[in-house]
Amino acid sequence: MVLYFPLQGKYYITFLSKNVILLLFFPTEKRSNWVYIFPTSWYDIDCESKPQLTHLTDHNKKKEEILSWKETNHAGAAVPIDEKIQLHADRGEIVPSRAILKTPAQIEMIRKSADLNTAVLDEVAKHIRIGMSTAEIDEIVYRFTTEHGGIPAPLNYQGFPKSVCTSLNNEICHGIPDENIMIQDGDIINVDVSTILNGYFSDASRMFKMGNVSERAERLVRVTEECVKLGLEAAKPWGHLGDIADAINTHARANGYSVVEDIGGHGVGLEFHEDPFVSYVTPKGSEMLLVPGMMFTIEPMINEGSPDFFVDEDNDWTVYTIDDGLSAQIEYMVLVKEDGVEVLTK
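These numbers come from a predicted model, not from an experiment.

K.L.:
An account of unusual backbone geometry is requested, with residue identities and associated values reported.
P.N.:
With glycine set apart, most residues show a phi of negative sign, and most peptide bonds adopt trans. The omega torsion across Asp275 and Pro276 is 5°, close enough to zero to call that bond cis. With respect to the secondary-structure elements, Pro276 resides in strand E14 (residues 274–278). Not every positive phi belongs to a glycine, and Asp316 is a case in point at roughly 65°. The backbone of Asp324 shows a phi angle near 70°, a positive value even though the residue is not glycine. Here Asp324 lies in the loop between strand E18 (319–321) and strand E19 (327–329).

Here is the structure:
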């Protein structure tokens, strides 16, 4: 088959049937050329000289590799980010609004908040011990944060009464510090710290294994950490949130665990909780496009048994596993950049 192309650019051509082809075109210059067509491939139509064809990918190339080429204009410069986002939107993908993308000035201020958030977690790590109450952890977080010019983000957030969340054993998240809740030998505890500094927000959590933890608790925490790291590795600019979810959910399930479905991560930086909602059970290639300037948390809740849960009827905050099994969570706050993804606080 021979086709006439009036414009120079990048073309994706595939045969849908014997007589029907699909052609996607991204122009560079107004030129013309004749090319021979082969099934399911990218072609770079170069019309500066005599008719020629450059075969860029074979038909077995994975979709994510085919779509990973960096769009450029005829001068070789990168396409502006808004145009690149629109290219993905035109493919039917979910794309972020401009409001979600942080500016360089905002990123600089959020980094400072994230640095303080990490320092608060480091302070907790220095002092957490068997025999202390979770209320003492709250006191450490409040004191250290305020002494360094910050505000604990959870304090009075939608009525939350403390400065930090402390979730033990079968508590999935949002545990409220209490002077009557004592850390015991063998406990696993998640300490979730969120900080406001000069109006900018940051958020991260760590798991602590207290004393002689059981083999099952040790394994759950280890696999949770592996899940977060695999999710981070799967997060790439111009990929999708579903890529992160698939990496996490696949590893958790392979180890016999479940991932909580109805509680997930979130955007963060200008507010405590922003769009997008970050699920950890959606398929690869689904959900929102990862665009440089996005900030969000990777914080899967990994359950030993069922992913189902219930909320404490008395305090309306603490979330428990439905089957009384153990749960673990580790949270990273990340920034999507042109060349990768950066962890801001963990």
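K.L.:
How would you sum up the nonpolar core? Please name residues and give values.
P.N.:
Counting 36 residues, the largest nonpolar core has Ile244, Ile248, Leu290, Met294, Phe296, Ile298 and Ile302 as its most contacted members. When residues of this core are traced back to their parent elements, those giving at least two are helix H5 (215–234), helix H6 (241–254), strand E15 (295–298) and strand E20 (332–337). For this core, the leading source of residues is H5, giving six residues. With residues up to four places along the chain from it excluded, the contact list for Met294 reads Pro96, Ile100, Leu101, Pro276, Met288, Leu289, Val334, Leu335 and Val336. Formed by 20 residues, the second largest nonpolar core is a distinct cluster that contains Val124, Ile128, Ile183 and Val193.

K.L.:
Go over the packing of aromatic side chains with me, naming the residues and quoting the values.
P.N.:
In the structure shown here, the tally under the stated rule is four aromatic pairs. Aromatic pair Phe310 and Tyr320: ring centres 5.3 Å apart, planes at 15°, arrangement stacked. Of this pair, Phe310 sits in strand E17 (residues 309–311) while Tyr320 sits in strand E18, and the two are 10 residues apart along the sequence. Taken together, the ring pairs connect Tyr157, Phe201 and Phe272 into an aromatic cluster.

K.L.:
Explain the side chain of Glu274 to me, using residue names and the numbers behind them.
P.N.:
Take Glu274: it is sitting in strand E14. With residues near it in sequence (within four places) discarded, Glu274 still touches Lys102, His266, Gly267, Val268 and Gly269.

K.L.:
Tell me about helix H3 (residues 104–127), residues and numbers included.
P.N.:
Here H3 spans 35 Å end to end across 24 residues, near enough to the 34 Å set by a 1.5 Å rise per residue. Within the sequence span of H3, burial applies to Ile107, Ile110, Ser113, Ala114, Leu116, Asn117, Val120, Leu121, Glu123 and Val124. Check the buried side of H3 and you find it contacts helix H4 (134–147), strand E10 (188–197), strand E11 (200–209), E15, E20 and strand E21 (340–345).

Rules and cut-offs
- Residues numbered from 1 in each chain as written.
- Predicted model: local features only at pLDDT ≥ 70, side-chain atom pairs only at ≥ 80, totals over all residues.
- Heavy atoms only, no water.
- Helix = DSSP H or I, 4+ residues; strand = E, 2+ residues; numbered from the N terminus.
- Core = buried A, V, L, I, M, F, W, Y, C linked by side-chain atoms within 4.5 Å.
- Buried < 20%, exposed > 50% of the residue type's maximum accessible area, 1.4 Å probe, protein only.
- Contact = heavy atoms within 4.5 Å.
- Phe/Tyr/Trp six-rings, centres within 6.5 Å; stacked < 30°, edge-to-face > 60°.
- Expected span 1.5 Å × (residues − 1).

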